[in-house]
Amino acid sequence: MNTKQEKLDAFGRLLDIMDDLREKCPWDKKQTLESLRHLTLEETYELSDAILKNDLQEIKKELGDVLLHLVFYAKIGSEKQSFDIADVINSLNEKLIFRHPHIYGDTTVKDEEEVKQNWEKLKLKEGNTSILGGVPKSLPSLVKAYRIQDKVKGIGFEFHDAEDAWKKVDEEIQEFHQETDPEKKETELGDVFFSLINYARISGINPDSALEKTNNKFISRFQKMETLAVENNMNLAELSLEEMNVLWEKAKLLQ
């Protein structure tokens, strides 16, 4: 692994390259905070994919792409005479020190949960008016639900255990089945999803990762099913559901 000085040198070189690109490259000169936004989201999802695959070399590559965007935003900030990369890092350093009084102060904590609770209380001291104020509005709904639940847990608004959380799932499913009005049924289904996410979180399962793994498993299995259909001179779209299920079960055996 690299020494601390080598890491600092590498970061300094990146800043120099960013300066060059912003000055000399037609594409880089044209970019704004707004134009980079959707690209940053794309890079973040690519990093997420690499993490789910546990591909360390791909993670390294995608981390580099995300880091480039962070440096790019800071460069634009400096051009606007608003902030530069040092301001970004110094602000982060101060926040981390303030929010870890058990490391940099005289506060004592017994476990991870107390650290989380202190974190949320300290955020309120920084001027946040709501525990949920820091949840981005543009987060995907599943991830947002998880973050909402995790944040309110920080102040003790939480089921006692997973069993209690599952009782809530059962309750919401019953309410969903009993509802007949389409609009209200949609709301009840949302409650079911929210409760399932809560149960998963309390059980130590990340529902977003779980669902993405199932998505990938389904894609792989369905594509094997398509291959089997071609190998057997079948047109998948013309098969009955029963015939497709036979291929589906064969595809499962190939995974």
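All residue numbers refer to position in the chain's written sequence, counted from 1. For a predicted model such as this one, the threshold for reporting local features is a pLDDT of at least 70, and the threshold for listing and counting side-chain atom pairs is 80 or more; totals across whole chains, interfaces and linings nevertheless cover every residue. Note that water and hydrogens are dropped before the side-chain values are worked out from all heavy atoms of the structure.

In the nomenclature of an unreviewed UniProt entry, the protein corresponds to Nucleoside triphosphate pyrophosphohydrolase from the organism Chryseobacterium oryzae.

1. Quick notes on unusual backbone geometry
The condition that has to hold: The helix and strand labels rest on DSSP assignments: H or I over at least four residues marks a helix, E over at least two residues marks a strand, and numbering proceeds from the N terminus.
Despite not being glycine, Asn54 shows a phi value in the positive range, around 55°. Here Asn54 is to be found in the loop between α3 (33–53) and α4 (56–79). Even without a glycine there, the phi angle at Gln81 is positive, about 60°. Positionally, Gln81 belongs in the loop between α4 and α5 (85–98).

2. Observations concerning empty space enclosed by the protein
The test is simple: A 1.4 Å probe that fits into a set of points on a 1 Å grid over the protein atoms alone but cannot get out defines a cavity; an open set with protein on both sides within 12 Å along at least five of seven lines defines a pocket, and lining residues are those with an atom within 4 Å of a point. Grid points are joined across faces, edges and corners, and a volume is the space filled by probe spheres set on the points. Residues are grouped as follows: Ala, Val, Leu, Ile, Met, Phe, Trp, Tyr, Cys and Pro are nonpolar; Asp, Glu, Lys and Arg are charged; all remaining types, including Gly, are polar.
Per the counting criterion, the structure on display carries one cavity of 30 Å³ or more. Of the pockets and cavities examined, the largest cavity occupies roughly 30 Å³. Here the residues of the lining of the largest cavity are counted per class, giving two nonpolar, three polar and two charged.

3. Looking at the packing of α3 against α4
Between two packed helices, both the angle of their axes relative to each other and the distance between the axes serve to describe the pair. Counted only if it meets this: To get an axis, a line is fitted to the C-alpha atoms, and for a helix only the part in contact is used. The angle between two axes follows their N-to-C directions and goes from 0 to 180 degrees. An angle below 35 degrees is treated as roughly parallel, one above 145 as roughly antiparallel, one from 65 to 115 as roughly perpendicular, and anything else as oblique. Throughout, a crossing is termed right-handed when the near helix is turned clockwise from the far one, and left-handed when it is turned anticlockwise from it by less than a right angle. In what follows, a contact means two residues having at least one pair of non-hydrogen atoms within 4.5 Å.
Packing of α3 against α4 brings their axes to within 9 Å, and their N-to-C directions diverge by 160°. Accordingly, the angle class assigned to the pair α3 and α4 is roughly antiparallel. Where α3 crosses over α4, the handedness of that crossing is left-handed. Of the residues in α4, those touching α3 at Leu33, Leu36, Arg37, Leu39, Thr40, Glu43, Thr44, Glu46, Leu47, Ala50 and Ile51 are Glu58, Ile59, Glu62, Leu63, Asp65, Val66, His69, Phe72, Tyr73 and Ile76. Split into classes, the residues belonging to the contact of α3 with α4 amount to 12 nonpolar, three polar and six charged.

4. What to know about the environment of Arg22
Here Arg22 is to be found in helix α1 (residues 4–24). For Arg22 and Glu120, which are 98 residues apart along the polypeptide, the C-alpha to C-alpha distance reads 38 Å. The residues contacting Arg22, other than those within four sequence positions of it, are Asp28, Lys29, Lys30, Gln31, Phe72, Lys75, Ile76 and Glu79.

5. Let's talk about helix α12 (residues 241–253)
As a reminder, the rule being used: Any helix carries an expected span of 1.5 Å times its number of residues minus one. Classification of residues uses two cut-offs on accessible area relative to the type maximum, computed with a 1.4 Å probe and protein chains only: under 20% is buried, over 50% is exposed, and between them is partly exposed. Arc definition: directions from the helix axis to the C-beta atoms.
The terminal C-alpha atoms of α12 lie 19 Å apart, and with 13 residues this matches the ideal 18 Å at 1.5 Å per residue to within 8%. For α12, the set of buried residues is Leu247, Trp248 and Ala251. All buried residues of α12 fall inside an arc of 110° around its axis, so they share one side. The exposed residues of α12 that point more than 90 degrees off its buried face are Glu242 and Leu253. Where α12 is buried, its residues meet α11 (207–231).

6. Comments concerning the UniProt feature "domain: NTP pyrophosphohydrolase MazG-like" (unreviewed entry) in the protein
Rule in force here: UniProt positions are given in the numbering used here, feature names are shortened, and annotations may be inferred rather than shown by experiment.
Here, UniProt's "domain: NTP pyrophosphohydrolase MazG-like" (unreviewed entry) annotation points to residues 31–103 and 171–222. Along residues 31–103 one finds 85% helix and 0% strand; the C-alpha atoms at either end are 40 Å apart.

7. What to know about the side chain of Glu188
Rule in force here: By the counting scheme adopted, Arg and Lys are positive, Glu and Asp are negative, and His together with the chain ends is not counted. In the sections that follow, a salt bridge refers to a side-chain nitrogen of Lys or Arg positioned within 4 Å of a carboxyl oxygen of Asp or Glu.
Residue position: Glu188 is located in helix α10 (residues 182–202). The buried charged residue Glu188 lacks any salt bridge, with Lys168 as its nearest oppositely charged partner at 8.4 Å. Sequence-distant contacts of Glu188, defined by excluding residues within four places in its chain, comprise Glu172, Glu175, Phe176 and Glu179.

8. Here's the deal with the pattern of salt bridges
All told, the structure shown has 11 salt bridges when counted by the stated rule. Among the salt bridges present, the one from Arg147 reaches Asp150, with a minimum N-O distance of 3.3 Å. Taken together, the positions of Arg147 and Asp150, both in helix α8 (residues 141–153) and three residues apart, correspond to about one turn of that helix. Its relative accessible area of 17% is what places Asp150 among the buried residues. One salt bridge connects Lys252 with Glu249, and the closest N-O pair in it is separated by 3.6 Å.

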